[in-house]
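Chain residues, written in single-letter form:
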Amino acid sequence: MSNKQTIGQLMLDVAGTELTHDDEQILQQAQVGGVILFARNVANPTQVRELTDSIRAVNPNILIAVDQEGGRVARLRQGFSPLPAMGRLGELFEKEPILALELAFSCGYLMASEVLAVGIDFSFAPVLDVNGVSQVIGDRAFHQNPTAITPLSAQFMRGMKSAGMATTGKHFPGHGSVAPDSHVADAVDEREFDEIFKFDMQPFINNFSLLDALMPAHVIFSKVDDKPAGFSKVWLQDIIRQKLGFNGVLFSDDLSMKAAHMAGDADKRIEFALNAGCDMGLVCNDRESALLALNHLQKNSELVQTESGERLAKMRGKLPTWQTCLTSTCENLTDWQVSVEKIQAQFFVE
């Protein structure tokens, strides 16, 4: 059976901590290839693993994702190790760069090992934006300067990969230098391409060898194209695929966000995203829109790309059991404990 048949190109969410009948019905549809979990889906590690196992019982080929960046963007909290905002690593880098790089690896490893242990394939991480004027990025970014973001994020991704998790750099080509929050407003960056390339894009470009996926920003870079990057063939095909030679997965950012509405309703948004070059489109926190997008994909099979299925298959995580990782039989238990202790001592102990 081909990947085109086994991995759909729509990622959506589920209602709560257990699957409802409606959830099960929608997850059975061939066009649904991913689920993203939010805080409402999380009570504790055991419950999350039961939820992810039940999702795979309905659709064994599905990819399960989460936003577990650290700091204020952490969907997994109760029973999970706290992670600092990545900006804290940037602050430490100014004073003790070697220690900051060591802890960046530990943060990536710890995040990935705990996320994988509860049956989630990957976190949409790391954030490679600069901490500039953006109202939504801030200390989610490692630093204000791309030359510091590059090594810190590289170490974080090496930690992720050491645990067995694929990496996703967001929000290409950079959301940090435009002020509006694209979740709630249109965001337009009026700089020339060369300025964006030499500044915001550098952490992405310099880390391509460590990146398995990219998530484009819902930002219009008006000197490059009149569409948000995630809907733009110029950005996704001409620049990312051809000019930069990136062959990994392209995930849309949430197509329910305000800045994505310029394309129309969810059926048009998913069409625009996939036609532009995204391998998977996300429609989150809006079941009506998710169903509209699903129905559109069911009626328009030409939007499904075999190449996308092949790329998406590579995003599968190495999923241990949560119980195994809390016993002495876990081969990586020592690494996990050391990471917890290092991070706690540096960021969470007064």
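Parameters and conventions
- One numbering rule holds for all chains: residues counted from 1, following each sequence as written.
- In keeping with the predicted nature of the model, local features appear solely for residues at pLDDT of at least 70, side-chain atom pairs appear and are counted solely at 80 or more, and the whole-chain, interface and lining totals rest on all residues.
- Side-chain measures here rest on the full set of heavy atoms in the structure, leaving out hydrogens and waters.
- Helix and strand labels come from DSSP, where a helix needs a run of H or I of at least four residues and a strand needs a run of E of at least two; each type is numbered from the N terminus.
- A 1.4 Å probe that fits into a set of points on a 1 Å grid over the protein atoms alone but cannot get out defines a cavity; an open set with protein on both sides within 12 Å along at least five of seven lines defines a pocket, and lining residues are those with an atom within 4 Å of a point.
- Grid points are joined across faces, edges and corners, and a volume is the space filled by probe spheres set on the points.
- Basically, the charged four are Asp, Glu, Lys and Arg, the nonpolar ten are Ala, Val, Leu, Ile, Met, Phe, Trp, Tyr, Cys and Pro, and anything else, Gly included, counts as polar.
- For two strands to be treated as a pair, DSSP must find at least two bridges joining them.
- Whenever Lys or Arg places a side-chain nitrogen within 4 Å of a carboxyl oxygen from Asp or Glu, that contact is recorded as a salt bridge.
- To sort residues, take the accessible area from a 1.4 Å probe on protein chains only and compare it with the maximum for the residue type: under 20% means buried, over 50% means exposed, and anything in between is partly exposed.
- Side-chain rings of Phe, Tyr and Trp (the six-membered ring for Trp) are treated as a pair once their centres are within 6.5 Å; stacked means planes under 30 degrees apart, edge-to-face means over 60, and tilted covers the remaining angles.
- Structural elements are reduced to axes, namely lines fitted to C-alpha atoms, with helices fitted over the stretch in contact, and the angle between N-to-C directions of any two is expressed from 0 to 180 degrees.
- Small angles under 35 degrees read as roughly parallel and large ones over 145 as roughly antiparallel, with 65 to 115 read as roughly perpendicular and the rest as oblique.
- Crossing chirality is assigned from the near helix's rotation relative to the far helix, an anticlockwise turn below a right angle marking it left-handed and a clockwise turn marking it right-handed.
- The contact criterion used throughout is that any non-hydrogen atoms of two residues lie within 4.5 Å.
- Across the chain, each position has a pLDDT score giving the predictor's confidence in that residue, from 0 to 100.

Chemist: Any chance you could explain unusual backbone geometry here in plain terms?
Modeler: Peptide bonds are mostly trans, and most non-glycine residues show a negative phi. Note the cis peptide between Ala-125 and Pro-126, where omega equals 5 degrees. Structurally, Pro-126 is set in the loop between strand E6 (122–123) and helix H6 (146–163). Across the junction of Lys-170 and His-171, the peptide omega takes the value 5 degrees, indicating a cis bond. Considering the arrangement of structural elements, one finds His-171 in strand E7 (residues 168–172). For Asn-285, which is not a glycine, the phi torsion comes out positive at approximately 60 degrees. Here Asn-285 shows up in the loop between strand E12 (280–282) and helix H11 (287–299).

Chemist: Got a minute to help me understand empty space enclosed by the protein in this structure?
Modeler: Empty space left among the atoms is revealed by rolling a probe the size of a water molecule over them. Summed over all chains, the structure comprises two cavities of 30 Å³ or more. What the largest cavity holds in volume is close to 40 Å³. Residue lining of the largest cavity: Gln-68, Leu-76, Phe-80, Ser-81, Leu-83, Leu-110, Met-111, Glu-114 and Val-115, and that is the complete set. Top element by residues in the lining of the largest cavity is helix H5 (residues 97–117). It accounts for four residues. When its residues are assigned to classes, the lining of the largest cavity shows six nonpolar, two polar and one charged. The computed volume of the second largest cavity comes to approximately 30 Å³. Residue lining of the second largest cavity: Glu-69, Met-86, Ala-125, Pro-126, Val-127, Arg-140, Phe-142 and Phe-156, and that is the complete set.

Chemist: Quick question: what am I supposed to make of the sheet that holds strand E9 (residues 213–216) here?
Modeler: By definition, the strands of a sheet pair up through backbone hydrogen bonds, in either a parallel or an antiparallel sense. Taken in spatial order, the eight strands of this open sheet run E6-E3-E2-E1-E12-E11-E9-E7, and their pairing is parallel. This sheet does not close on itself; its edge strands, each paired only once, are E6 and E7. Pairing of E9 with strand E11 (residues 249–254), which is carried by two bridges, proceeds in the parallel orientation. When the sheet's bridge partners are listed, Ala-213 is paired in E11 with Val-249.

Chemist: Looking at this model, I keep getting lost on the pattern of salt bridges. Mind explaining?
Modeler: Two side chains carrying opposite charge are able to pair once their charged atoms lie near each other. This model, assessed by the stated rule, comprises 18 salt bridges. Of the charged contacts in the structure, one is a salt bridge between Lys-170 and Glu-69, with a shortest N-O distance of 2.8 Å. Linking Lys-170 in strand E7 with Glu-69 in strand E4 (residues 68–70), this pair joins segments that are 101 residues apart in sequence. The exposure class of Glu-69 is buried, given its relative accessible area of 4%. Beyond isolated ion pairs, a larger network of salt bridges with shared partners links Asp-67, Glu-69, Arg-75, Arg-140 and Lys-170.

Chemist: Help me understand the packing of aromatic side chains, please; the structure alone is not making it clear to me.
Modeler: Any two aromatic rings considered together are summarised by their centre-to-centre distance and by the angle between their planes. Tallied over the full model, the rule gives eleven aromatic pairs. Aromatic pair Phe-172 and Trp-235: ring centres 6.0 Å apart, planes at 80 degrees, arrangement edge-to-face. With Phe-172 in strand E7 and Trp-235 in helix H9 (residues 233–243), this residue pair connects regions lying 63 residues apart in the sequence. Pair check on accessibility: Phe-172 and Trp-235 agree, each one buried. In textbook terms, an aromatic cluster arises when at least three aromatic residues are bridged by ring pairs, as seen for Phe-172, Phe-193, Phe-197, Phe-204, Phe-221 and Trp-235.

Chemist: What is the right way to look at the packing of helix H4 (residues 86–95) against H6 in this model?
Modeler: In helix packing, the relevant descriptors are the interaxial angle and the interaxial distance, both defined with respect to the helix axes. Contact pair H4 / H6: the axes reach a minimum separation of 11 Å and the direction vectors enclose 120 degrees. Between H4 and H6, the interaxial angle falls into the category oblique. As for how H4 packs across H6, the hand of that crossing is right-handed. Contacts between H4 and H6 involve Met-86, Leu-89, Gly-90 and Phe-93 from the first element and Ala-148, Pro-151, Leu-152 and Phe-156 from the second. Its residues placed into classes, the contact of H4 with H6 shows seven nonpolar, one polar and no charged.

Chemist: I would appreciate a short explanation of the confidence of the model for the protein in the present structure.
Modeler: The predicted structure's coordinates, where accompanied by low pLDDT, should not be read in detail. With 91% of its residues at a pLDDT of 70 or more, the protein has an overall mean of 90. Confidence drops under pLDDT 50 across residues 1–5; counting only partners more than four residues distant or on other chains, this segment forms six contacts. Confidence over residues 326–330 falls short of pLDDT 50; this stretch has six contacts with residues more than four positions distant or in other chains.

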